[in-house]
Amino acid sequence: MKKDLPRWDVLLKELKNGNQLSKARKLNKLKLISECGDPNIFYISPIPGYNKTTYQVHIHPEQCNCQYYVRTKKPCSHILAVHLYKRLRVKFVEIRGVM
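Definitions and limits used
Residues numbered from 1 in each chain as written. Predicted model: local features only at pLDDT ≥ 70, side-chain atom pairs only at ≥ 80, totals over all residues. Heavy atoms only, no water. Pairing = 2+ DSSP bridges. Helix = DSSP H or I, 4+ residues; strand = E, 2+ residues; numbered from the N terminus. Buried < 20%, exposed > 50% of the residue type's maximum accessible area, 1.4 Å probe, protein only.

Comments concerning the sheet that holds strand S5 (residues 55-58)
At step 1: Taking strand neighbours across the sheet as the criterion, the 4 strands line up as S3-S4-S5-S6 in an open arrangement whose pairing is antiparallel. Of all strands in the sheet, those with a lone pairing partner are strand S3 (33-35) and strand S6 (63-64), marking the two edges.

Quick look at the structure:
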């Protein structure tokens, strides 16, 4: 397991090793976010060597099936990653002049 990424510690009930934004950026950099056809649902593939779970993120209402979100009801790295993904995609489209 990669030790430089944030993870939810089930025993201590807290986030360890970094913050949600750094992990969200990593998820985008590794291109692990995919759309499913519904504009409100995204899938986050596992980070190789870190975990084996694919997470499902709903944007409206905001929710994720990861341990952090389920336990805290606070935005997790997966939710933040989807917001970054959407923002980066809009910027890319604007730069390319497609809009």
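Still more ground to cover, so stick around.
Considerations on unusual backbone geometry
At step 1: For the bond from His60 to Pro61, the omega torsion is -5 degrees, close enough to zero to count as cis.
At step 2: In this structure, Lys31 takes a positive phi of about 55 degrees despite not being glycine.
At step 3: Its place among the elements puts Lys31 in the loop between helix H1 (20-29) and S3.
At step 4: The exposure class assigned to Lys31 is exposed, which follows from its relative accessible area of 73%.
At step 5: You will see that Lys73, though not glycine, has its phi angle at about 60 degrees, which is positive.
At step 6: Within the secondary structure, Lys73 is located in the loop between helix H2 (67-72) and helix H3 (77-96).

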